[in-house]
Structure formats: C-alpha cells, structure tokens
Amino acid sequence: MKVYIDGQFLDSGDAKISVFDHGLLYGDGVFEGIRLYQGCVFKLDEHLERLEYSAKAILLDLPWSRQEISDIVCESCRVNGLTVGYIRLVVTRGIGSLGLSPKSCSKPSIICIADHLSLYPAEYYENGLKIITSPIRRMNPAALSPGIKSLNYLNNILAKIEADRLGYIEALMLNDQGYVSECTGDNVFIFQKGKLFTPAFYAGALKGITRGVVLDIAEELGIPCIQENLTRYDILVAEECFLTGTAAEVIPVVEVDGRTIGTGKPGETTVKFLAEFRSKVAKEGTFL
Ligand code: PMP
C-alpha cells in the first residue's frame, strides 16, 4: 500500500511523520473518512467542504485548493489500484516546537491513506446492533464543537472503550444536558408514527455526510424528518432506531441498554433507508 504524505507516495512502512508534528503532540488537526464505491468517491465534495469548515473552525489555513485535495484523494485510490475502499484524509498543524501555540508550525501536513475497508459483519445488518448508553457525556460545544472533525477524538474513544469493555461495538452519547447527541462514530435516528427524528446539531453532533444523505432520502420518500432534542426515553420507546456513518452506512439498532427497541428486529423503514442508501452509492460519486 502507498500512502500520500505532502506530495509523495510512500510505502506504508516508510510513511512517517515527525514526532514534533502538533497533530501528534496535541491532536491539532482535522480529518475525514470517505468511501470509494465501484470506482467512485461518494460525496467527495461534501467531505472536502466539511474538512475546510473543520480547518477554518480551528484557524488552520489550508494551503491547497479543493481541487488539489480532491486530486490527492483520487490519485491515492488509483495508485493503490482500488475501486472499493475507505479513504482517510488527515491534515495536521505540522511541525512546531513543544509549546501549544500553532505559531511555531510553519506549514500543515496532508496525509491520505486509501485502503480496503473492514465492514461491519453482515449479521449486524440482518439482525441489528445492540448498543449501550455511555456514561461518558459528549463534550460541550462551548469547549470544543463536536462539529469539528478534529484529531482529538478522546471524548469518543473513552465512550468506545466503555462500550468495548462491556462487549458492545457502539454507544449512545448524551450531551451535558442529558439529550442524545450521537454515537461514538455515528449519527442516530429514530422512527416513530410515520416520522423520522434525529438530534439537531445544537445537541452536539457531527454534521454527518450519511445523515445528510438520509435526510435527502426522507425527502424523496415523503417522510418528514424532525431535527430536535431527543431524550434516552425517546430512543427506548421508538418503533425503530438506526445509526448512520460513512463506515456503517445505515445500520439498525434493536437493543439499547439491554432493552428491546421496537420489535427487536430491524424495522421496515430502516431496511428501506439502507436499500435506498445502497442504491444511491451505486449511482452517484466522483469518478476516479
Ligand atoms: N459522528 C461522529 C462522532 C463521527 O466520527 C462520524 C464519522 N465516523 C459520524 C458521526 C458520521 O458521519 P459521516 O456520516 O460523515 O461518516
């Protein structure tokens, strides 16, 4: 596998960054996770826009145009002979001194890793996921906005560790007011009485690209989708629940904290949204 770093494709074993990079020292940087389906990069423009917004929010000036970054992503797939895969695009603050201030970092670094994807096992799509509510609260947007896809993912990692230790692969995170924000790496939806509901961004969720696609599908299907505060109670009494994310796509949730959601099987609407999502990825994208 070849990894792109600052203008060069390197063998994965030689793809290294400096120990003085503030991305490593402080988690000072931003990233994206992107999917490649049938030789097409899905929602590339949306991912690059979110990367630009994340960078802007942390005052990191990107010295590359959107087209240049898009070329790096597509070339990384081509160089590795991929037609299906997962792309990790990372921008770090770059090399600096041991102080916190980014003033000592003269230029950011850009890294692109395009690799085969390890998917969630098919059984989770057939039978649904069992998740827990994490005791770790999603960080307060006033401290660090969850809308920034930054290299500092410790808040999510701590929740993920709690879930792992109890034998679960995802965890619902509440914000500091007790409202549902999202899962550790996925957005959350419920279906109730003919309507979809998902937490609004002000609840402290990432502006998920897959979430956006699900909102488009809801509009196409004429299903109202309400973005508002949701409580754990709303999730527990929902007819259906599903998660969305670049890696997970649309994945049903059938149990939360040992309590059955809906019928305990993936719901009809969830299954429809997954099918619609998969038909979109087969038709749309930026050709390599
Ligand atoms: N929330 C968090 C915290 C995430 O890291 C992600 C991406 N894995 C998502 C939601 C889903 O976003 P997307 O659909 O853009 O992958």
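(A) Quick peek at helix α6 (residues 209-221). With 13 residues, α6 extends 19 Å from end C-alpha to end C-alpha; this agrees with the ideal 18 Å at 1.5 Å per step. Two residues or fewer past α6, glycine 222 is found with a positive phi of approximately 70°.

(B) Local environment of the sheet that holds strand β3 (residues 29-37). If you trace the seven strands from one edge of the open sheet to the other, you get β2-β1-β6-β5-β3-β4-β16, paired in antiparallel fashion. Edge positions in the sheet fall to β2 (8-11) and β16 (286-287), since each of these pairs with one other strand and no more. Note: β3 against strand β5 (residues 85-92), eight bridges, orientation antiparallel. By the bridge assignment, glycine 29 is partnered in β5 with threonine 92. Contacts between helix α2 (residues 44-57) and the sheet are confined to β3, β4 (40-41), β5 and β16, with β3 contributing the most and set at about 175° to the helix. Contacts from helix α3 (residues 66-79) reach β1 (2-5), β2, β3, β4, β5 and β6 (109-115) within the one sheet, and its direction differs from that of β6 by about 35°.

(C) Representation of the nonpolar core within the structure. Counting residues in each nonpolar core, the largest one holds 38 residues, and the members touching the most others are Leu172, Leu196, Ile235, Val256, Phe273 and Phe277. Ranked by residue count, the leading element in this core is α6, at five residues. Aside from chain neighbours lying at most four places away, what touches phenylalanine 273 is Leu196, Val214, Ile217, Ala218, Leu221, Ile223, Phe242 and Val250. Listed in part, the 25 residues of the second largest apolar core include Ile58, Ile72, Cys112 and Ala114.

(D) Fine view of the pairing of β1. Two elements, β1 and β2, share four bridges in a ladder whose sense is antiparallel. Paired with valine 3 across the bridge in β2 is leucine 10. Sheet topology places β1 next to β6; three bridges connect them, and they run antiparallel. Across the sheet, valine 3 pairs through a bridge with isoleucine 113, a residue of β6.

(E) Fine view of a nonpolar patch on the surface. A cluster of nonpolar side chains, Ile17, Val19, Phe20, Leu24, Leu25, Ile95 and Leu98, forms an exposed patch at the surface whose accessible area comes to about 650 Å². Topologically, leucine 25 is positioned in helix α1 (residues 22-26). Taking relative accessible area as the criterion, leucine 25 reaches 31% and is therefore assigned partly exposed.

(F) Summary view of the pattern of salt bridges. Tallied over the entire structure, the rule returns 16 salt bridges. Note that arginine 50 and glutamate 32 form a salt bridge whose closest N and O atoms lie 2.8 Å from each other. One end of the pair, arginine 50, is in helix α2; the other, glutamate 32, is in strand β3, with 18 residues separating them in the sequence. Note on arginine 50: relative accessible area 8%, which makes it buried. On the basis of relative accessibility, which here comes to 0%, the residue glutamate 32 falls in the buried class. One network of salt bridges, in which partners are shared, links Lys43, Glu46, Glu220, Lys280 and Glu284.

(G) Layout of the packing of aromatic side chains. Overall, the coordinates contain seven aromatic pairs when judged by the stated rule. Look at tyrosine 120 and tyrosine 124: their rings are 6.3 Å apart centre to centre, the planes differ by 70°, and that puts the pair in the edge-to-face class. For tyrosine 124, a relative accessible area of 22% puts it in the partly exposed group. A ring pair is formed by phenylalanine 189 and phenylalanine 242, whose centres lie 5.1 Å apart and whose planes are at 10°; its orientation type is stacked. You can see phenylalanine 189 sitting in strand β10 (residues 187-192) and its partner phenylalanine 242 sitting in strand β13 (residues 240-245), a full 53 residues away along the chain.

(H) Examining empty space enclosed by the protein more closely. Summed over all chains, the structure comprises two cavities of 30 Å³ or more. What the largest cavity holds in volume is close to 50 Å³. Arg35, Tyr37, Phe42, His47, Ile209, Thr210, Thr246 and Phe277 together form the lining of the largest cavity. Only β3 and α6 provide two or more residues apiece to the lining of the largest cavity.

(I) Examining the layout of surface pockets more closely. Of the volumes computed, that of the largest pocket is approximately 660 Å³. Along the walls of the largest pocket sit 31 residues, with Tyr86, Arg88, Lys149, Gly185 and Ala247 positioned nearest its centre. Elements with a minimum of two residues in the lining of the largest pocket: β3, β5, α5 (154-165), β9 (180-183), α6 and β13. Ranked by residues supplied to the lining of the largest pocket, first place goes to α5 with three residues. Looking at the lining of the largest pocket residue by residue, the class counts come to twelve nonpolar, eleven polar and eight charged. Two domains each provide a minimum of three residues to the lining of the largest pocket, namely domain 1 (2-115) and domain 2 (122-280). Taken as a whole, the second largest pocket encloses approximately 350 Å³ of empty space. When contributions to the lining of the second largest pocket are tallied by element, the ones reaching two or more residues are α2 and α6.

Cut-off values and rules
- Residues numbered from 1 in each chain as written.
- Predicted model: local features only at pLDDT ≥ 70, side-chain atom pairs only at ≥ 80, totals over all residues.
- Heavy atoms only, no water.
- Helix = DSSP H or I, 4+ residues; strand = E, 2+ residues; numbered from the N terminus.
- Expected span 1.5 Å × (residues − 1).
- Pairing = 2+ DSSP bridges.
- Contact = heavy atoms within 4.5 Å.
- Axes fitted to C-alpha atoms, helices over the stretch in contact; angles between N-to-C directions.
- Core = buried A, V, L, I, M, F, W, Y, C linked by side-chain atoms within 4.5 Å.
- Buried < 20%, exposed > 50% of the residue type's maximum accessible area, 1.4 Å probe, protein only.
- Patch = residues over 30% accessible without salt bridge, like charges linked within 9 Å, V, L, I, M, F, W, Y side chains within 5 Å.
- Areas by Shrake-Rupley, 256 points an atom, 1.4 Å probe, with all protein chains shown as cover.
- Salt bridge = Lys/Arg side-chain N within 4 Å of Asp/Glu carboxyl O.
- Phe/Tyr/Trp six-rings, centres within 6.5 Å; stacked < 30°, edge-to-face > 60°.
- 1 Å grid on protein atoms, 1.4 Å probe; cavity = no way out; pocket = protein on both sides within 12 Å on 5 of 7 lines; lining within 4 Å.
- Points joined across faces, edges and corners; volume = space filled by probe spheres on them.
- Nonpolar A, V, L, I, M, F, W, Y, C, P; charged D, E, K, R; others polar.
- Domains from an automatic or database assignment.

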